[in-house]
Amino acid sequence: MNKSSENIKNARSANNEAVQVIVRCRPISEKEKLSGCCEIVDVYPNRGVIEVKNPRAKSDNERIKMFTYDAVYDSRSSQQCLYDEMVRPLVASVLEGYNGCVFAYGQTGTGKTHTMEGVVGDSDMQGIIPRAFEQIWSHINRTTGVEFLVYARYLELYMEDIRDLLKSKSKKQLVLREMAGGQGGVYVTHLHSQTCKNAADMMKTMRIGNKNRTTGVTNMNEHSSRSHAIFQIAIEMAEENNSKSVKIGKLNLVDLAGSERQSKTGASGDRLKEATKINKALSSLGNVIYALAENSSHVPYRDSKLTRLLQDSLGGNSKTIMIANIGPADMNYEETIITLRYAYRAKAIKNKPIKNEDMQDAKLLALQQEIERLKQLIAEKANGRMVNIEESEGSDDELDLDDSDDEELKKEKKEKEHLIELGKMEVDDLNKKLRNLEKQMVQGGKNIVESVNENEMLLEQQRAEIAARKKREIEMQQKLESEEENYTELRQVFTNLQQEVEFKREKLKRLHGRLQSLRQEIKDSHDEYIKNRQELVDANEDLTLQLRRRLLVLENFVPAEERSRLLNLAQFDENTDNWILKKETVNINAALRPRAHNYRRPISDYAIKKSEASPRYRGENVIELKLDLPLRTTQNYLRPAICPQVKAAVKNVIKHELDNNKVVVKIPPHGFSVRGISKIELEGRYNKAARNTIEVHNNRIKPIPKSAKTAY
Ligand SMILES: Nc1ncnc2c1ncn2[C@@H]1O[C@H](COP(=O)(O)OP(=O)(O)OP(=O)(O)O)[C@@H](O)[C@H]1O
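Fair warning: this is a prediction, and the values are worked out from it, not measured in the lab.

**Considerations on the overall build of the protein chain**
In step 1: Across its full length, the protein chain holds 19 helices and 24 strands.
In step 2: Burial analysis of the protein chain (712 residues in total) assigns 37% to the buried set.
In step 3: Across the protein chain, contacts joining residues at least 24 apart in sequence account for 68% of those joining residues at least 6 apart.

In structure tokens, the structure reads:
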């Protein structure tokens, strides 16, 4: 069975695994406190519950909204706690050969970057990414008998443009491609892979990438990430005695750009353009989550590059954790509810993770084969060199025995010595290459003292057990709460009818309350849907207007036949997600080549005339014909001098355009007009006529007619 069909079979038989959804609420910020905000979010970590109070609620049903997740973390939760309980088990799976993904989602300024990266250099405050580095390398350092090849990639998606954060100056086009062989998933071409030998290498890689990341300042966050960043780690591993079978674990750590409202972030100009693109990509992500949660037959992955990049992590071959970040302030109530709804929907997504085993396309295999080849080559070269040395020494003896006609022998000896020298250099080169290749691989279990190893393993085991226990507790608590209703009814013994009626009335009241809050939820969702639809309609109108403008230019400046030729050539390229012009196929038919005067090649009248006089010109070709060039060309043309007042006026125009975004020219007393500027508002001494305009005909001063002047 070939690899791809085996993978498909594995994927079919793989167990479904739900996306784990965590919510983290950050502390209230100083800015929010100063502006008089109050906290509306209550977090119950033991029950996995978040409650949000509506600050503008008119009825009890609207007052509190409750959401349940796999885990929730409040403002006092530590980075270590979140990592150990949720992310550590996922990274452990990656080290067994699974694909893993952690992505942070939420409104801008709610702590996504804090959760993913944290404070670099502060061991308590460091986030998920540096902690994952430590876990990966402590595993490698204590795993004996396994060879590892670890490499990292770092990319950002900025305004639908993929950028390599490790090679920011690279000119190569980064394109999204589907994996070959029906394995699912996508990859980015020409992305730089940085081989890492330890955790410090990885930290350095992350820092280099962070320096190149696009950030900006908004009202909500001083260091706002304006792009979606994905840090990818691939760990290839092969047992030393079974190096043919390679496992690959891939980990995607994603810090998404924050969703935001223009009114709150104060975005304008470029920031607004960025925000529009960010919101568009995030709404595509929302549509994908919605379609997956609803088990829809069509999942719109292709709507944006972000959803294509996360295709495997949502509904594909990956173990995935979604971290929804929220803030506690009442001013962000709507955004918080939207994030929580998103996260709630994501809980229903089922992935099918399978171990990536026996990977034939692993880099590690290619590296091992290359090392083997180099070793053989070095051995062969070394053998050849030994033979040469022996021969050379033999000829040395001969030289000693008889040094009469030594010229020939000396020359031969010199040649051999030269060959030996060349051979030596070649072997040195190969050895250097070999060492470089060997350096890329890491031998597991090499860098750690045995006792540290054991203690660390014990500690990790205990942490994993505590995390698993906590998870079970939350699950049980949630189950208990949902079933409590039925149990209390069963347990209840009524002494009289009145008591039973009272109990049932209470129950009815509770159920009625729940029904009302569900109705409210449906209404809110409907309102949200209407709002989204309106945004789409607006965007559509905007795009239609832009399209009409382009069509206007096209229709007026591009001839009809050229337009239809270009339209025929245009085709959509799925890889670049854009339209490209395919090359025109020109049918060259030798028989149809143009003929002039029945000659095979076009010949000028001049050549024919000349050839009649002299056969020297018979073969003269039009193309080779030297033309009688004119004495003057257009390059020699000198423009007439422009009147200095006109020049000054043009300067004024430019200045005023920059200052006030308005074309205003100070007019000299007699007035003038300038070619190229169609309408000029009058100002200064003609202030009264400021609303009047004058038409312009040429680039010379043209006095305004007396009658017009007196009219001012
Ligand atoms: N759990 C937390 N504990 C303490 N401070 C936090 C926490 N979460 C976030 N912060 C602080 O809040 C501020 C904004 O956080 P951060 O930059 O991580 O937000 P973000 O969601 O990544 O924003 P953006 O989407 O604009 O990039 C930072 O100053 C950060 O230190």
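**Notes on the sheet that holds strand β5 (residues 64-68)**
In step 1: Read from one edge of the open sheet, three strands run β3-β4-β5, paired in antiparallel fashion. In this open sheet, the two edge strands, each paired with only one partner strand, are β3 (41-44) and β5. Averaged over all pairs of adjacent strands, the angle between their axes in this sheet comes to 15 degrees, without regard to strand direction.
In step 2: The pairing of β3 with strand β4 (residues 49-53) spans four bridges and is antiparallel. Its bridge partner lying in β4, V43 is registered against I50.
In step 3: Of the strands in this sheet, β3, β4 and β5 are in contact with helix α11 (residues 333-346), which crosses β5 at around 30 degrees.

**Quick notes on the pattern of salt bridges**
In step 1: The tally for this structure, following the rule as stated, stands at 15 salt bridges.
In step 2: In this structure, E85 engages K470 in a salt bridge whose closest nitrogen and oxygen atoms are separated by 3.1 Å. Of this pair, E85 sits in helix α4 (residues 79-94) while K470 sits in helix α14 (residues 450-491), placing them 385 residues apart in sequence.
In step 3: Overall, the relative accessible area of 15% leaves E85 in the buried class.
In step 4: A salt bridge links R565 to E562; the shortest N-O distance between them is 2.8 Å. With R565 and E562 both in helix α16 (residues 560-569) and three residues apart, this pair spans about one turn of that helix.
In step 5: Note on E562: relative accessible area 28%, which makes it partly exposed.

**Here's the deal with the packing of helix α6 (residues 128-142) against helix α7 (residues 199-212)**
In step 1: Contact pair α6 / α7: the axes reach a minimum separation of 9 Å and the direction vectors enclose 155 degrees. In terms of orientation, α6 and α7 fall into the roughly antiparallel class. As α6 runs across α7, the sense of the crossing is right-handed. Between α6 and α7, the contacting residues are I129, P130, F133 and W137 on the first element and A199, M202, M203 and M206 on the second.
In step 2: In terms of residue class, the contact of α6 with α7 is made up of eight nonpolar, no polar and no charged.

**With respect to the UniProt feature "binding site: ATP" (unreviewed entry) in the protein chain**
In step 1: Under the UniProt annotation, "binding site: ATP" (unreviewed entry) lies at G106, Q107, T108, G109, T110, G111, K112 and T113.
In step 2: Checked against the element boundaries, Q107 lands in the loop between β7 (99-106) and α5 (112-116).
In step 3: Summarising the element assignment, T108 is placed in the loop between β7 and α5.
In step 4: The class of T108 is buried, set by a relative accessible area of 3%.

**Remarks on a negative patch on the surface**
In step 1: On the surface, a cluster of negative charge is contributed by E407, E408, E412 and E415.
In step 2: With respect to the helices, strands and loops of the structure, E408 is situated in helix α13 (residues 406-440).
In step 3: Here E408 falls in the exposed class, since its relative accessible area comes to 61%.

Scoring rules and cut-offs
Residue numbering note: each chain is counted from 1, following its sequence as written. Note on the predicted model: pLDDT of at least 70 is required for a residue's local features to be given, and 80 or more for side-chain atom pairs to be given and counted; whole-chain, interface and lining totals, by contrast, use all residues. Only heavy atoms go into the side-chain values, all of them from the structure, while hydrogens and water stay out. The helix count covers DSSP runs of H or I at least four residues long, the strand count covers runs of E at least two residues long, and both are numbered beginning at the N terminus. Here the term buried applies to any residue with accessible area under 20% of the maximum for its type, exposed to any over 50%, and partly exposed to those in between, with areas from a 1.4 Å probe on protein chains only. Whether two residues touch is decided by their heavy atoms; if any such pair falls within 4.5 Å, the residues are in contact. Note on pairing: two strands pair once DSSP finds at least 2 bridges between them. Orientation is described by lines fitted to C-alpha atoms, with helices fitted over the stretch in contact, and by angles between N-to-C directions that extend from 0 to 180 degrees. When a carboxyl oxygen of Asp or Glu lies within 4 Å of a side-chain nitrogen of Lys or Arg, that pair is called a salt bridge. Working rule for angles: under 35 degrees goes down as roughly parallel, over 145 as roughly antiparallel, 65 to 115 as roughly perpendicular, anything else as oblique. Working rule for handedness: look at the near helix, and if it is turned counterclockwise from the far one by less than a right angle, call the crossing left-handed; if clockwise, right-handed. Any residue that is not Ala, Val, Leu, Ile, Met, Phe, Trp, Tyr, Cys, Pro, Asp, Glu, Lys or Arg is counted as polar, Gly included; the first ten are nonpolar and the last four charged. UniProt positions are given in the numbering used here, feature names are shortened, and annotations may be inferred rather than shown by experiment. Patch membership requires more than 30% relative accessible area and the absence of a salt bridge. Residues of like charge join within 9 Å; the nonpolar side chains Val, Leu, Ile, Met, Phe, Trp and Tyr join within 5 Å. Residue burial considers only the protein chains on display, and all accessible areas are found by Shrake-Rupley using a 1.4 Å probe. His residues and chain termini do not enter the charge count, which takes Lys and Arg as positive and Asp and Glu as negative. One atom stands in for each charge, and that atom is NZ of Lys, CZ of Arg, CG of Asp or CD of Glu.

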